[in-house]
Amino acid sequence: MAVRIDYGRCISCGGCVALCPRGALQMKSFHLTLVSERCNDCRFCVNACPVGALWPGIPDYGEDYETF
Amino acid sequence: MRHFDVLVAGAGPAGSQAARVIAEKGFSVALLEKRQEVGSPVRCAEGVSEKWLLKHTGVEEPWIEAEVRGALLRAPDGTKAVMHYSEKGYILDRARFDRDLAWKAADCGAFLLTRAAVTKVLPYEEFFIVRTDHPLHQEIRATLLILADGIESRLAAQLGVRTTLAPSDIEMCLQYTLEGAPHEEGMIEMAGGNEIAPGGYAWIFPKGGNRANVGLGLLGSRSRAGFNARFYLDRFVAGRFPDASVIRTVAGAVSASEPLEEVCGEGFMIAGDAARLANPLTGAGIGNALESGALAGETAVQALKAGKRDRDSLEPYKQKLMRSIGNTSKKFYRIKEPFVKFTDEDINNMIRIVSKIDPSRVTVAGILEAAFKENKAVLALIRKAFFS
């Protein structure tokens, strides 16, 4: 699971990048990028984002997803 | 591949100041900025004390949007206290200010490159190989490196310096520049309270006429999805300036931590927000950035003259920095901890006590002492921080 970025809301302030304990969020020029393999869904960034542009990851139900 | 004596990453106040100091002494320096125009978009509330400008850049007419003589502190219950500054403050046009500082550095001989974000720094024998996303200068060599790449700095991490901030050590800020927002002229206003900005404060900085920077910062650990900076700011603005129009939105994060322990290393120095130099209590960072940039520049010049680049020859930067701003910053950090835990009642009491003091005699230390008069345990902590 990895957080999701809502680019419609992101204002590239860089706060989440400074917060991310695993360096999963990076700012390329003014474009926020996520290295999803590094994200452990700690949600520091989700809570702190000043504009609500970060969302928690969707749980991975695997192959059983269809049955839900 | 071009080779420079020094490469400065980031053309904010810290980077531009460092580049200018180095270029003035005749060494080759590259100043790289990721924005396509230096200074814009702005990420700042734009307040600075006159003493820093006089020390480093002088004061130029076009930079100044308003002069500030004092601060108005507002408690959640409406109690007000006035504080007159001993030195003048300015609200800057940061876009113009940053641009002029970078252009001055270029004028002194620095090689300014915009729209060039540094993506990777690789230590290599006696120099660094710096990769950028600029199409013409994808690789640059530099003997020394000054990292002034701001709050989201990841370059220091590439060199093994731990820069991650805990959620309790960062203020998430959002600011609107409002037109049609009547406010007290010549005064900045700061409003506290857990309903207004948990673990932070809201500010109103005059920008001349009816224009003002209205913003707030809240502690990263007190922000929740849905109850974030935008939620609190929208509520604050709707309450205070229902008819104002938002002419600019500025977002940014400010570190509220101690300065980095490792501000220098083998061949590199870290300056400005990247070194977590903003004041942990007030969030003021322009002056500290200018100071750290100038010190980094001077140290680089000394090291280049001696032909050295090892850690020991850059160590004077750390010592000077600690002496001029680092120690003050550490004191403020120690008192930040109890401050962010204040209840609304604590803030009301604090401002009531301050409002009884003569405004010209109110200082930050005085406010803090008054603030903690009721709470003896915290007072002891403040005493230790400030007066030991």
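Provided above is the structure to which this section pertains.
Note that the coordinates shown come from a computational prediction; the quantities given were computed from them, not determined experimentally. Here the residue numbering is sequential within each chain, running from 1 through the sequence in written order. To read the labels, note that chains go from A and ligands from 1, taken in the order they are written. Residue-level local features of this predicted model are given only where pLDDT is at least 70; pairs of side-chain atoms are given and counted only at 80 or more, and the full residue set underlies all totals for whole chains, interfaces and linings. The basis for every side-chain value is the complete set of heavy atoms in the structure, and neither hydrogens nor water enter the calculation.

Caption draft 1: Region of interest: the packing of helix H1 (residues 13–24) of chain B against helix H3 (residues 94–107) of chain B. All names here are of chain B. For the pair H1 and H3, the least separation of the axes is 8 Å and the interaxial angle reads 20 degrees. Overall, the two elements H1 and H3 adopt an arrangement that is roughly parallel. The way H1 lies across H3 gives a crossing that is left-handed. Across from Pro 13, Ser 16, Ala 19, Arg 20 and Ala 23 in H1, the residues of H3 making contact are Arg 94, Phe 97, Asp 98, Leu 101, Ala 102, Lys 104 and Ala 105. Its residues assigned to classes, the contact of H1 with H3 comprises seven nonpolar, one polar and four charged. Every angle, taken between N-to-C directions, lies between 0 and 180 degrees, and every axis is a line fitted to C-alpha atoms, over only the stretch in contact when it is a helix. Secondary structure elements follow DSSP: runs of H or I of four or more residues count as helices, runs of E of two or more count as strands, with numbering from the N terminus. Relative orientations are named as follows: roughly parallel for angles under 35 degrees, roughly antiparallel for angles over 145 degrees, roughly perpendicular for angles from 65 to 115 degrees, and oblique for any other angle. With the far helix as reference, a near helix turned anticlockwise by less than a right angle produces a left-handed crossing, and one turned clockwise produces a right-handed crossing. A contact between two residues is defined here by any heavy atoms of the two lying within 4.5 Å. Under this grouping Gly is polar, as are all residues other than the nonpolar Ala, Val, Leu, Ile, Met, Phe, Trp, Tyr, Cys and Pro and the charged Asp, Glu, Lys and Arg.

Caption draft 2: Expanded view of the packing of helix H6 (residues 286–306) of chain B against helix H7 (residues 311–340) of chain B. Residues and elements named next belong to chain B. Close contact between H6 and H7 brings their axes to 9 Å; oriented N to C, the two are set at 155 degrees. If you check the angle between H6 and H7, you find them roughly antiparallel. Remark: the crossing between H6 and H7 carries right-handed chirality. Contacts between H6 and H7 involve Asn 288, Glu 291, Ser 292, Leu 295, Ala 296, Glu 298, Thr 299 and Ala 303 from the first element and Ser 313, Leu 314, Pro 316, Tyr 317, Lys 320, Leu 321, Ser 324 and Ile 325 from the second. Looking at the contact of H6 with H7 residue by residue, the classes come out as eight nonpolar, five polar and three charged.

Caption draft 3: Examining the pairing of strand S5 (residues 80–92) of chain B more closely. Residue and element names in this part refer to chain B. Taken together, the three bridges between strand S3 (residues 47–49) and S5 define a ladder with antiparallel strand orientation. Bridge assignment links Ser 49 to a residue of S5, and that residue is Gly 89. Remark: five residues form the turn of the hairpin made by strand S4 (residues 64–74) and S5, two consecutive strands paired antiparallel; Gly 78 in that turn has positive phi of roughly 95 degrees. What makes two strands pair is DSSP finding at least two bridges between them.

Caption draft 4: Main features of the interface of chain A and chain B. With 25 residues of chain A in contact, the opposing surface of chain B contributes 29 residues. Both faces considered, chain A and chain B share a buried interface measuring about 2000 Å² in area, 63% of it formed by carbon and sulfur atoms. Any Lys or Arg side-chain nitrogen located within 4 Å of an Asp or Glu carboxyl oxygen qualifies as a salt bridge. The tally of links between chain A and chain B comes to zero salt bridges. In the analysis that follows, any N or O atom pair within 3.5 Å is treated as a polar contact, provided that within protein one partner can donate a hydrogen and the other can accept it, and provided that, for residues neighboring in sequence, both atoms belong to side chains. Where chain A touches chain B, the interface holds nine residue pairs in polar contact (both at pLDDT 80 or more). Broken down by secondary-structure element, the contributors of at least two residues to the side of chain A that touches chain B are helix H1 (15–19), strand S2 (25–28) and helix H2 (44–48) of chain A. In terms of residue count, H1(A) provides more of the side of chain A that touches chain B than any other element does, five residues in total. Residues of the side of chain A that touches chain B, tallied by class, amount to 17 nonpolar, eight polar and no charged. The term buried area means the drop in 1.4 Å probe accessible area that two parts suffer when joined, counted for both and summed.

Caption draft 5: Region of the structure containing the nonpolar core. Throughout this description, the term nonpolar core refers to a set of buried Ala, Val, Leu, Ile, Met, Phe, Trp, Tyr and Cys residues connected via side-chain atoms within 4.5 Å. Classification of residues uses two cut-offs on accessible area relative to the type maximum, computed with a 1.4 Å probe and protein chains only: under 20% is buried, over 50% is exposed, and between them is partly exposed. Counting residues in hydrophobic clusters, the biggest one holds 59 residues, and the most contacted among them are Val6(B), Leu7(B), Leu145(B), Ile146(B), Leu147(B), Ile270(B) and Tyr317(B). If we skip the residues at most four places from it in the chain, Val6(B) touches Ile22(B), Ser28(B), Val29(B), Ala30(B), Ala142(B), Leu144(B), Ile146(B), Ala300(B) and Leu304(B). Core analysis: the second largest hydrophobic core is formed by 39 residues, Cys20(A), Leu25(A), Val51(A) and Leu218(B) among them.

Caption draft 6: Broad picture of the pairing of strand S1 (residues 2–9) of chain B. Residue and element names in this part refer to chain B. Relative to strand S9 (residues 139–147), S1 runs parallel, the two sharing seven bridges. Bridge pairing links Ala 9 to Leu 147 in S9. One ladder, built from four bridges, connects S1 with strand S2 (residues 29–32); its direction is parallel. If you follow Ala 9 over to S2, its bridge partner there is Leu 32. At this point the chain moves from S1, through H1, to the parallel S2, and the crossover so formed is right-handed. Orient the strands so they point away from the viewer; a crossover is then right-handed if the path from the first strand over the helix to the second runs clockwise.

Caption draft 7: Structural view of the pattern of salt bridges. All names here are of chain B. Following the criterion strictly, the structure yields 26 salt bridges over all chains and no others. For Arg 43, the salt bridge goes to Glu 152, with nearest N and O atoms at 3.2 Å. Of the two residues, Arg 43 sits in the loop between S2 and S3 while Glu 152 sits in the loop between S9 and helix H4 (155–158), which places them 109 residues apart along the sequence. On the accessibility criterion, Arg 43 (25% relative accessible area) is partly exposed. As a salt-bridge pair, Lys 336 and Glu 337 come within 3.7 Å of each other at their nearest N and O atoms. Take Lys 336: its relative accessible area is 1%, and that puts it in the buried class. Connected through salt bridges with shared partners, the residues Glu 46, Glu 65, Lys 207 and Arg 248 form a single ionic network.

Caption draft 8: Structural detail: the sheet that holds strand S13 (residues 212–219) of chain B. Residues and elements named next belong to chain B. Read from one edge to the other, the open sheet built from eight strands follows the order S3-S5-S4-S11-S12-S13-S10-S14, with strand pairing classed as mixed. If you trace the sheet from one side to the other, it starts and ends with S3 and strand S14 (245–255), each paired once. Between one strand axis and the next, the sheet turns through 30 degrees on average, direction left out of account. Relative to S5, S4 runs antiparallel, the two sharing nine bridges.

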